[in-house]
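Here are the chains, one letter per residue:
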Amino acid sequence: DRSSAASDVYKRQDLLVGCDLVVTAGYECLAKAAIGRTHALVNVAEQPTASFIHDPDAKFPVEGMQRKISREVGAETTFVNATQVAKELLGDTIGANLFLMGCAWQKGWIPVSRQALIEAIEVNNVAVAFNKEAFELGRHYAHAPDSVYQRFQRSPMALSLIHISEPTRQEA
């Protein structure tokens, strides 16, 4: 029965990596999250939808979406402006996705070896050095956000880590 198979995924998600705040706060993502089980790492960069573009007076409800996500996931939620960090330290916002993956891995939320992830980046063969740097940046950010700008020898416009709720893997 297809409907029961689909319902099996609800409330069983271990990790929610939200690259887009609007999508992450939606039903499709949050229906799979469970307090006490799911860890969430969410990019809070404002990426307005078409409705925000068509209405110049519309307010982007960042805080409301964060509260909704936190209510569904619980204390295991981390919000970070990954887009800003990637732009400032890598020069391109596309690095936000692998930055988030590096953060999640460093926090122990991805049960795959670092080497396997690095090999996947290499096999993909697209912007390999850039993607590895984004992943490593995320790892270091999860471990010590304040030291990232010094380690990567660039100065910050502003740090945007809002909450880290778990101990991280030790630096390798």
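Refer to the structure above for everything that follows.
Residues numbered from 1 in each chain as written. Predicted model: local features only at pLDDT ≥ 70, side-chain atom pairs only at ≥ 80, totals over all residues. Heavy atoms only, no water.

Applying the stated criterion to the full structure yields five salt bridges. Asp 14 is paired through a salt bridge with Arg 37; the nearest N and O atoms lie 2.9 Å apart. With Asp 14 in the loop between helix H1 (2–7) and strand E1 (15–18) and Arg 37 in the loop between helix H3 (27–30) and strand E2 (39–43), this pair connects stretches of sequence that are 23 residues apart. Taking relative accessible area as the criterion, Asp 14 reaches 44% and is therefore assigned partly exposed. (Salt bridge = Lys/Arg side-chain N within 4 Å of Asp/Glu carboxyl O. Helix = DSSP H or I, 4+ residues; strand = E, 2+ residues; numbered from the N terminus. Buried < 20%, exposed > 50% of the residue type's maximum accessible area, 1.4 Å probe, protein only.)

In terms of residue burial, helix H6 (residues 82–90) counts as a mostly covered element, since eight of its nine residues are buried. Looking at H6, one finds that the buried residues are Ala 82, Thr 83, Gln 84, Val 85, Ala 86, Glu 88, Leu 89 and Leu 90. One or two steps after H6, the chain reaches Gly 91, where phi turns positive at roughly 85°.

This next bit is on helix H7 (residues 96–106). For H7, the tally of buried residues reaches nine of eleven residues, placing the bulk of the element in the interior. The set of residues buried in H7 consists of Ala 96, Leu 98, Phe 99, Leu 100, Gly 102, Cys 103, Ala 104, Trp 105 and Gln 106. Against E1, E2, strand E3 (77–80), H6, helix H8 (114–124) and helix H9 (128–143) lie the buried residues of H7. Following H7 by one or two positions, Gly 108 adopts a phi angle in the positive range, close to 85°. (Contact = heavy atoms within 4.5 Å.)

With parallel pairing, the three strands of this open sheet are ordered in space as E1-E2-E3. Only two strands of the sheet have a single partner each, and these edge strands are E1 and E3. Neighbour-to-neighbour, the strand axes of the sheet open up by a mean angle of 10°, direction not taken into account. Where E2 and E3 come together, four bridges link them in parallel fashion. Note on E3: the bridge partner recorded for Val 42 is Phe 79. Packing against the sheet, H7 makes contact with E1, E2 and E3, and its axis sits at approximately 150° to E2. (Pairing = 2+ DSSP bridges. Axes fitted to C-alpha atoms, helices over the stretch in contact; angles between N-to-C directions.)

Turning to the packing of H8 against H9, a few remarks are in order. Running from N to C, H8 and H9 point in directions that differ by 150°, and their axes come no closer than 9 Å. In terms of orientation, H8 and H9 fall into the roughly antiparallel class. The chirality of how H8 crosses H9 is right-handed. Contacts between H8 and H9 involve Arg 114, Leu 117, Ile 118, Ile 121 and Glu 122 on the former and, on the latter, Val 128, Asn 131, Lys 132, Phe 135, Glu 136 and Arg 139. Among the residues forming the contact of H8 with H9, the class breakdown is five nonpolar, one polar and five charged. (Parallel < 35°, antiparallel > 145°, perpendicular 65-115°, else oblique. Left-handed = near helix turned anticlockwise from the far one by under 90°. Nonpolar A, V, L, I, M, F, W, Y, C, P; charged D, E, K, R; others polar.)

Purely spatial values, then, with no claim about function.
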